[in-house]
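A structural walkthrough
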Amino acid sequence: MSKEDVLGFVRCFKDEILIPLAKKDRLNEKMATKAVNIYSKQLEDRREIKIKISKEGPFSKFHTFYASEFKLGDVTYPSMEHYIGYQMYVNSDSEFATFILQAKNPQMAHRRIKSGDEQGKRKNFNWELEKEETILCGYKALIALHPDLLKQLVETGKKEIVYETVTTGAKQDEGNLKYVIIRAITWIRKEHLQFEKKE
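Residues numbered from 1 in each chain as written. Predicted model: local features only at pLDDT ≥ 70, side-chain atom pairs only at ≥ 80, totals over all residues. Heavy atoms only, no water.

Tallied over the entire structure, the rule returns six aromatic pairs. An angle of 90° between the planes, with centres 4.9 Å apart, marks the rings of Y77 and Y83 as edge-to-face. Using a relative accessible area of 1% as the deciding quantity, one classes Y77 as buried. An aromatic cluster is built from F70, Y77, Y83 and Y86, whose rings are joined through pairwise contacts. Positioned above the aromatic ring of F99 is the side chain of R112, whose terminal nitrogen or guanidinium carbon lies 3.9 Å from the ring centre. (Phe/Tyr/Trp six-rings, centres within 6.5 Å; stacked < 30°, edge-to-face > 60°. Buried < 20%, exposed > 50% of the residue type's maximum accessible area, 1.4 Å probe, protein only. Lys NZ or Arg CZ within 6 Å of the ring centre and 35° of its normal.)

Right, here's the structure in full:
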């Protein structure tokens, strides 16, 4: 629930329960406890259920830091972090893109991407225009090679997907890259849910 929703419930609790009980001189511990339990249940029922993708937890395999090898075209990527970093630079600085790809783990790949930001390395000219499709293609390739991921994703139904932290890109990217990732994963899930419905 949003902050506004919670505040709204608090105000309703005061106006609809506390004040009327106080006016009737019935605001004792027993009645107050009962009222709190009722409103707590309503808060729980209305709370938004979200799927959180983080470096740890049940959905960590969708995180860019998860070491899960996949191949796209002629290139094999050790993780989604390697893939995104490589794709950022491959058309503008292929040597640096290869340097990212050769990182021993996703964390090292992340540090190399950050070093590119700090050194002012030039990203692909069309990166901003192409990253939506690029990241979508990457996740499609990853999920195609790991069917367990697709099963896990489809089982979440229509629950909202959130991404805990942004792991890739310069500061100007941090406000939107995680949303690109969320949109890609959500689109893949929607596509497969619609396919299953038709069957």
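The subject of this paragraph is the packing of helix 3 (residues 80-89) against helix 4 (residues 94-101). How two helices sit against one another is set out by the angle between their axes and by the gap between those axes. The contact between helix 3 and helix 4 brings their axes to 8 Å, and the two run at 175°. Here helix 4 runs roughly antiparallel to helix 3, going by the angle between their axes. Contacts from H82, G85, Y86 and Y89 in helix 3 reach S94, F96, A97, T98, I100 and L101 in helix 4. When grouped by side-chain class, the residues that make up the contact of helix 3 with helix 4 number six nonpolar, four polar and no charged. (Axes fitted to C-alpha atoms, helices over the stretch in contact; angles between N-to-C directions. Helix = DSSP H or I, 4+ residues; strand = E, 2+ residues; numbered from the N terminus. Parallel < 35°, antiparallel > 145°, perpendicular 65-115°, else oblique. Contact = heavy atoms within 4.5 Å. Nonpolar A, V, L, I, M, F, W, Y, C, P; charged D, E, K, R; others polar.)

When helix 4 is considered as a whole, its buried residues turn out to be F96, A97, I100 and L101. The arc enclosing the buried residues of helix 4, seen along the axis, measures out at 145°, which places them on a common side. In the core, the buried residues of helix 4 are packed alongside strand 3 (75-79), helix 3 and helix 5 (106-119). (Arc of directions from axis to C-beta.)

Our next topic: the nonpolar core. In this structure, F62, I84, I135, Y139 and I185 are the most contacted members of the largest nonpolar core, which totals 38 residues. Non-local contacts of I135, meaning those with residues more than four positions away in its chain, are made with Y83, I84, L177, V180, I181 and A184. (Core = buried A, V, L, I, M, F, W, Y, C linked by side-chain atoms within 4.5 Å.)

A word on the pattern of salt bridges. Scanning all chains against the criterion turns up seven salt bridges. For K123, the salt bridge goes to D117, with nearest N and O atoms at 3.3 Å. The class of K123 is buried, set by a relative accessible area of 17%. Residue E155 pairs with K151 through a salt bridge whose shortest N-O separation is 2.7 Å. No difference in accessibility class separates E155 from K151, as the two residues are exposed. (Salt bridge = Lys/Arg side-chain N within 4 Å of Asp/Glu carboxyl O.)

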